Amino acid sequence: MHESGCAAFAPFAESWKTQMRYVKPESFEAASAVLVAEQGIARILTGGTDVLVMLKAEVVEPDLMVDIKHLPGMRDIVSEDGGYRIGAAVSSAQLGEHAGVKAMWPGVVEGAELIGSTQVQNRATMVGNLCTASPAADSVPALVTANAMARVHGPDGARDVPVVDIPIAPGKTSLLKGEFISSIYLPARPDHAADAYLRFIPRTEMDIAVSSAAVSLELDASGTVTAACVALGAVAPTVRLVPDAGAALIGTKLDAAAIAGLVAAAEAACSPITDKRGTIEFRTKTAGVLAKRAAHIAYSRAGGKT
Amino acid sequence: MALDHQAKRDFKVVGTRVARPDGIDKVTGKAAYGADITAPGMLFGRILRSPHAHARIKSIDVSEAAKAPGVKAVVTSADLASPDDEYYADIRDNCLAREKVLYDGHAVAAVAATSKAAAKAAIRLIKVDYEILPHVTDVDEAMKPDAPVVQEGRALENVPAGMSQNVTSHFEFGHGDLDAGFAKADKIIERTFKTAATHQGYIEPQACMASLGTDGRGEVWCCTQGQYMVRANCAEVLGIEASQLRVISSEIGGGFGGKTTTFIEPVALALSRKSGKPVKIVMTREEVLRATGPTVSTSMDIKIGMTNEGRITAARGELRYQGGAFPCGTVEFGAQAAFAAYDLEAVQTLGWNVMTNRPKEIAYRAPGAPTSIYAVESVVDELCQELGLDPLDVRLLNAARKGTLSAYGPTFNEIGLVATLEAAKAHPHYNAPLGPNQGRGLSCGFWFNFGGNTCVSLNINDDGTIGVVEGNPDIGGSRASISMMAAEELGVPYDKVRTVIADTTSLGFNDVTDGSRVTFAVGLATIKAARAAIQEMCKRVAKIWGIDEDAVLWEDGFAKPSGPNAGTHPPMSLAEIAAIAGNTGGPIAGHHEVNADGAGVSFGVHLVDTEVDPETGATKILRYTIFQDAGKAVHPDYVEGQMQGGAVQGIGWALNEEYIYGEDGRLQNAGFLDYRIPVASDLPSIETVILEIPNPGHPYGVRGVGETPIVPPLAAISNAVSRAAGVRMTELPMSPPRLLKAMSA
Amino acid sequence: MKMIPVETMINGDRTEFLCNSDESLLDVLRDRLGLTGAKEGCGTGDCGACSVTLNGRLVCSCLVLGVEVDGAEVETIEGMADGETLHPLQRIFIEEAALQCGICTPGILIAAKSLLEKNPDPTDTEVRYWLAGNLCRCTGYDKIIKAVQKAAAEMRAA
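Residues numbered from 1 in each chain as written. Chains lettered and ligands numbered in written order. Predicted model: local features only at pLDDT ≥ 70, side-chain atom pairs only at ≥ 80, totals over all residues. Heavy atoms only, no water.

Chemist: Could you clarify how one ought to interpret the overall build of chain B in this entry?
Modeler: Helix and strand counts for chain B come out as 21 helices and 27 strands. For chain B, the spread of C-alpha atoms along the three principal axes comes to 85 × 75 × 50 Å. Looking at the 745 residues of chain B, the share that counts as buried comes to 66%. (Helix = DSSP H or I, 4+ residues; strand = E, 2+ residues; numbered from the N terminus. Buried < 20%, exposed > 50% of the residue type's maximum accessible area, 1.4 Å probe, protein only.)

As structure tokens, then:
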């Protein structure tokens with residue numbers, strides 16, 4: 001790890017120089033240690049597509065930037081117990097190029113691949129998107145409906161945390177000082193199962209989601225829904241898992257009543273704000289519409305026929 | 001200069017699609033734009049901006065900043081001159097606030113330092129003591145008598161008593177008997193419209209490098225639409241002689257009117273004078289959106305009466321435009337353009353210019369017209385819907401033609417409106433089938449176009465190549481068109497001509513590149529300069545041949561005897577004449593200086609098909625066709641490019657672009673993330689149909705084309721959406737939340 | 001903090017530079033290496049005018065730190081032509097008038113080249129979505145899409 005030995009200039013006189021330290025720790029332990037030791041503001045660098053924007057806007061001025069992309073496994077997608085372990089530095093584009101993940105969890109991949117532009121997708125990571133903790137994060141709703149698990153490294157070693165428990169407020173995660181996520185685990189799928197993610201944006205690309213919905217379904221051989229998970233984005237301070245919305249679909253083949261129940265439950269679960277991107281009523285209404293549309297897509301992907 | 005009797009001639013170069021001269025530099029990254037320059041010893045400038053929409057500056061303490069490491073100069077408004085002329089005083093006050101900050105982002109002070117980091121640190125050491133004042137950002141609110149006053153004593157005498165001091169000017173014009181006209185109407189529709197402010201959205205932020213010595217001699221490199229305007233502004237704002245200031249225009253990464261004024265150049269010069277070093281300032285995107293010149297935002301009332309057969313009997317428009325924290329005159333253009341497409345017996349337009357605590361407005365492609373024409377074309381369309389009439393037929397029935405007394409005063413010469421309407425009617429797009437949730441809309445558009453002060457110098461080089469020197473930055477490919485016109489006139493191949501854009505020391509004054517004036521006015525001056533050079537070459541040849549000057553004519557690049565009486569002389573080529581110029585009297589050149597008039601108006605019609613998602617209010621553009629009169633398309637690719645580019649800006653204006661101010665008067669969306677301009681995937685292919693109804697005021701019939709295309713999309717899309725979604729939107733942009741709300745009502 | 005030494009490959013040439021930890025790759029290219037072809041239109045990854053490729057991947061250089069390219073390969077617009085010979089995309093952009101002011105052109109050329117390397121026969125929709133992160137304000141995109149398709153056809157035939 002590179003440590004610069006600065007001469008003892010007075011702090012005032014240092015102002016003409018950049019203050020941020022950039023480090024590339026050689027192990028998970030070293031990374032945790034440097035984060036724990038930092039008295040000032042520390043930021044983690046994987047894709048950089050959020051943190052560099054904040055740097056430029058002078059919203060955050062880190063004293064320490066910890067680059068973890070090169071740590072073991074960070075850039076890898078590995079089969080594990082029928083599912084996939086995805087390193088925290090895997091970019092959205094890389095994820096989308098993995099035929100296995102795409103086939104098993106198309107909704108998760110959709111969410112990751114909608115972040116920003118082609119340029120951004122070549123750098124952005126699901127983990128970075130998750131840890132930035134924007135209420136509108138595109139990768140999060142489908143990770144939640146997939147019951148994805150985040151592997152968290154810290155000073156006391158590693159622990160697994162459901163992704164839904166990571167964001168706790170806009171811009172805040174449940175991670176403690178010294179902790180960072182090294183991978184996401186997507187579990188195996190039974191037959192006749194699929195997910196989908198949709199978001200509403202005013203243009204066709206490049207916007208932050210005004211509202212979003214992810215739906216994950218499992219069907220039996222006859223096409224009846226046996227398990228359903230619905231999560232909404234951008235309609236609450238953090239991603240909103242809506243058990244009632246999923247429940248409305250169970251035992252059905254997505255008939256009109258089931259869909260109506262889904263939409264009602266989705267709308268009821270929203271507590272959005274009105275801001276420069278959308279109004280409360282618009283977000284609520286479209287969240288229900290997207291949940292409905294995502295349910296149809298997931299159903300059809302899972303082999304269901306309406 | 002009148003249309004040549006040769007206007008119907010077979011052009012050899014004009015009208016073809018030649019390669020542009022700056023193409024290779026631009027595709028290889030070599031072209032030098034505003035921010036691409038450095039100089040030895042250069043300092044980095046950075047500006048401190050107000051975080052308040054309206055506040056009195058009680059004091060500014062720069063002492064700490066001045067002492068900070070790396071800082072070589074700090075300036076405030078006190079370092080600028082005090083121009084007597086109100087126009088320049090406003091520019092000075094906008095560059096650096098004097099007694100009050102008038103909008104969120106208003107520049108207050110600036111530093112120049114040896115590194116970007118040092119400048120950034122130093123800015124934070126400047127202490128400004130603000131007394132926050134109440135602010136107003138909405139145009140209608142700002143007109144109310146009890147509104148916070150942005151500036152005192154700026155209203156002209158023609159503003160009625162009792163209005164807020166924010167109302168700075170008012171006018172009305174029209175002709176005919178309005179009451180009688182409305183009495184004749186079978187249907188009258190009256191509507192109020194509101195539009196949000198938008199930004200030109202040029203991808204290149206303002207950037208400059210300036211150098212000013214204590215002897216008053218200086219140099220500025222900047223991206224601008226007018227180096228002479230920069231010179232004039234900087235001279236006045238700094239109190240120096242214009243002739244001592246050399247302004248060089250870089251390649252420009254988009255302007256659209258937004259770079260026809262100065263924001264950072266005077267500040268950079270002031271910093272350079274104080275520090276003794278060149279100072280470079282580059283704006284960030286956030287600064288561009290917060291603190292350059294967006295458009296007006298508007299509130300408009302339109303009332304139109306129509307007979308059952310579709311004849312407009314009377315029309316009235318009242319337009320209220322806010323132009324930010326300084327007086328602006330844009331409503332006059334808007335009012336003049338509003339009804340320009342129509343032959344009206346009775347018409348009246350009133351306009352109000354209003355100040356608010358927002359950045360000072362500047363031009364954006366046909367300033368004032370997109371919004372007023374949006375309102376008028378929406379009401380005309382609604383009348384067509386109510387009366388069950390075809391919207392194109394109604395336009396044709398009422399269209400202005402040659403001889404029409406326009407709503408804004410002049411009588412039209414030859415114009416192309418009817419031709420564009422007829423082309424639209426005949427086009428397959430007009431009758432193509434539509435599916436569910438789909439609708440078709442159309443709108444006319446118009447812009448006056450301008451001539452203006454223009455100087456061109458044309459030199460015949462000794463190797464027979466041609467150098468054209470002109471003073472208007474190239475924002476759309478004009479160098480190619482100018483070279484084409486010179487080549488056409490001289491009868492030489494296009495690739496023998498090189499057109500360069502001179503700095504301010506090389507030519508007399510040139511008005512900015514705006515008003516769609518360059519191909520028209522610079523072209524006209526180039527043709528005249530070429531003819532002057534031709535006259536000189538003929539004179540030289542006449543001497544060689546020992547005949548009268550008027551016995552020599554110029555044809556296809558050669559001097560020839562004009563007839564058998566002139567004797568037998570083998571023709572002399574331009575290259576041959578040029579090679580011996582030194583022996584016949586010296587180098588040969590032609591030049592022309594003019595305040596060009598005779599610009600031709602350009603009419604256009606846009607047809608658009610939209611599909612509206614009934615559950616989300618999202619609008620998709622399915623098909624778009626543009627019809628426009630170019631007079632004479634010198635380079636058809638660039639005419640098409642103007643049509644397509646302007647239309648897409650209008651699409652953004654209609655659907656998603658808007659300035660969003662919070663209750664605190666601060667701009668909430670100062671970035672390309674939330675100031676949403678169209679991206680490639682938002683759009684279909686855009687078809688263009690160029691009509692050519694020659695402008696009698698130009699030797700080749702050229703009309704400016706750059707501005708008209710931004711005008712029709714606003715109403716065309718609104719009209720299409722009204723038919724696709726069954727709701728008529730009277731507020732722009734028609735963003736999905738607004739549209740969905742209207743559809744659910 | 002002292003500046004950090006970086007060793008990298010730019011347009012096929014070994015390049016060394018020193019930069020501050022918080023400088024973006026765009027800052028380094030423009031301010032330290034004289035490679036001003038990449039432009040700053042927004043600094044926040046929303047406009048694509050700064051596009052380069054990093055280890056063969058299309059990225060916004062304003063979203064990459066200078067220090068991150070140590071040991072990597074960067075390609076910029078300055079490396080697109082081969083000496084005197086323009087890349088077909090460059091030549092066809094000029095021929096088809098796919099640029100007006102040209103400020104977005106370097107970014108779009110780099111992005112289009114990256115697309116055609118990955119997908120030599122894209123549909124218009126695929127081209128438009130790939131280029132959604134490259135803003136152009138002058139052209140309305142129409143001639144750009146046509147030029148990319150024309151270049152793609154020529155490159156497929158070669």
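Having seen the model, we can carry on.
Chemist: Which parts of the structure should I look at to understand the sheet that holds strand 4 (residues 100-101) of chain B?
Modeler: Sheet strands line up and pair through hydrogen bonds in the backbone, either parallel or antiparallel. All names here are of chain B. Read from one edge of the open sheet, three strands run 4-2-6, paired in antiparallel fashion. Sheet topology places strand 4 and strand 6 (127-132) at the edges, where each strand pairs with a single neighbour. Sheet topology places strand 2 (residues 55-61) next to strand 4; two bridges connect them, and they run antiparallel. Directly across from arginine 56, in strand 4, lies its bridge partner lysine 100. (Pairing = 2+ DSSP bridges.)

Chemist: Would you explain helix 7 (residues 227-238) of chain B in this entry?
Modeler: Residue and element names in this part refer to chain B. With 12 residues, helix 7 extends 16 Å between its outermost C-alpha atoms, agreeing within 8% with the 16 Å of an ideal straight helix rising 1.5 Å per residue. Counting buried residues in helix 7 gives 11 out of 12 residues, a clear majority hidden from the surface. Those residues of helix 7 hidden inside the fold are in contact with helix 3 (86-95), strand 9 (207-212), strand 10 (218-222), strand 11 (245-249), helix 8 (265-275) and strand 19 (497-501). Looking at the residues trailing helix 7, positive phi occurs at glycine 239, about 70 degrees. (Expected span 1.5 Å × (residues − 1). Contact = heavy atoms within 4.5 Å.)

Chemist: Teacher, can you tell me more about the state of the cysteines here?
Modeler: Any covalent bond linking the sulfur atoms of two cysteines counts as a disulfide. All names here are of chain B. Considering all chains together, one arrives at zero disulfides over all chains under this definition. Of all cysteine sulfurs, the one in cysteine 208 lies closest to cysteine 222, which takes part in no disulfide; the gap is 6.6 Å. In this structure cysteine 222 comes out as buried when scored by relative accessible area, which is 0%. Unpaired in terms of disulfides, cysteine 384 finds its nearest cysteine sulfur in cysteine 444, a separation of 10 Å. Relative accessible area serves as the criterion here: at 1%, cysteine 384 is assigned to the buried category. (Disulfide = S-S within 2.5 Å.)

Chemist: Could you clarify how one ought to interpret the pattern of salt bridges in this entry?
Modeler: Between side chains of opposite charge, a pair can form as their charged atoms come close. Residue and element names in this part refer to chain B. Evaluation of the coordinates by the stated rule reveals 87 salt bridges over all chains. Notably, a salt bridge pairs glutamate 386 with lysine 187, separated by 3.7 Å at the nearest N-O pair. Here glutamate 386 is found in helix 11 (residues 369-387), whereas its partner lysine 187 is found in strand 8 (residues 187-195), with 199 residues between them in sequence. With relative accessibility at 28%, the residue lysine 187 sits in the partly exposed group. Between lysine 402 and glutamate 414 there is a salt bridge, with the nearest N and O atoms lying 3.5 Å from each other. Of this pair, lysine 402 sits in the loop between helix 12 (391-398) and helix 13 (417-426) while glutamate 414 is found in the loop between helix 12 and helix 13, placing the two residues 12 residues apart along the sequence. When its relative accessible area of 55% is taken as the criterion, lysine 402 is described as exposed. Salt bridges linked by common partners bring Arg20, Asp22, Lys26, Glu251, Asp474 and Arg479 together as one network. (Salt bridge = Lys/Arg side-chain N within 4 Å of Asp/Glu carboxyl O.)

Chemist: Where do I start with the interface of chain A and chain C in this structure?
Modeler: As a measure of interface size, the accessible area lost when the parts come together is often cited. Contacts between the two partners involve 33 residues from chain A and, on the opposite side, 31 residues from chain C. Interface of chain A and chain C: buried area, both sides summed, is about 2,800 Å²; carbon and sulfur atoms make up 58% of it. When residues of chain A are sorted by the area they lose upon contact with chain C, Thr18, Gln119 and Arg123 of chain A head the list and together hold 23% of the total. Between chain A and chain C we count five salt bridges in total. Note that lysine 69 of chain A and glutamate 68 of chain C form a salt bridge whose closest N and O atoms lie 2.3 Å from each other. (Buried area = accessible area lost by both parts, 1.4 Å probe.)

Chemist: Help me understand the interface of chain C and chain B, please; the structure alone is not making it clear to me.
Modeler: Chain C puts 41 residues into the contact, and the matching count from chain B is 49 residues. Across the chain C to chain B interface the summed buried area is about 3,700 Å²; carbon plus sulfur atoms make up 56%. As a salt-bridge pair, glutamate 657 of chain B and arginine 137 of chain C come within 2.7 Å of each other at their nearest N and O atoms. Taken together, chain C and chain B are joined by 27 residue pairs in polar contact (both at pLDDT 80 or more). When contributions to the side of chain C that touches chain B are tallied by element, the ones reaching two or more residues are helix 1 (25-32), helix 2 (88-95), helix 3 (105-118), helix 4 (124-130) and helix 5 (142-157) of chain C. Counting residues per element, the side of chain C that touches chain B draws most heavily on helix 2 of chain C, which supplies four residues. The class makeup of the residues in the side of chain C that touches chain B is 19 nonpolar, nine polar and 13 charged. (Polar contact = N/O pair within 3.5 Å; in protein donor to acceptor, adjacent residues only side chain to side chain. Nonpolar A, V, L, I, M, F, W, Y, C, P; charged D, E, K, R; others polar.)

Chemist: Teacher, can you tell me more about the nonpolar core here?
Modeler: As a rule of thumb, soluble globular proteins bury nonpolar side chains together. By size, the foremost hydrophobic cluster in this structure holds 187 residues, and its most contacted members are Ile304 and Phe446 of chain B together with Phe93 of chain C. Top contributing element to this core by residue count: helix 11 of chain B, with 10 residues. (Core = buried A, V, L, I, M, F, W, Y, C linked by side-chain atoms within 4.5 Å.)

Chemist: I would appreciate a short explanation of the packing of helix 15 (residues 478-490) of chain B against helix 16 (residues 518-545) of chain B in the present structure.
Modeler: A pair of packed helices is captured by two measures, namely the crossing angle of their axes and the spacing between those axes. Residues and elements named next belong to chain B. Interhelical geometry of helix 15 versus helix 16 gives an angle of 30 degrees and a closest axis separation of 9 Å. One way to sum up the angle between helix 15 and helix 16 is to call them roughly parallel. For helix 15 against helix 16, the interelement crossing comes out right-handed. Contacts between helix 15 and helix 16 involve Ser478, Ser481, Ile482, Met485, Ala486, Glu489 and Leu490 from the first element and Val518, Thr519, Val522, Gly523, Thr526, Ile527, Ala530, Arg531, Ile534 and Met537 from the second. Its residues assigned to classes, the contact of helix 15 with helix 16 comprises 10 nonpolar, five polar and two charged. (Axes fitted to C-alpha atoms, helices over the stretch in contact; angles between N-to-C directions. Parallel < 35°, antiparallel > 145°, perpendicular 65-115°, else oblique. Left-handed = near helix turned anticlockwise from the far one by under 90°.)

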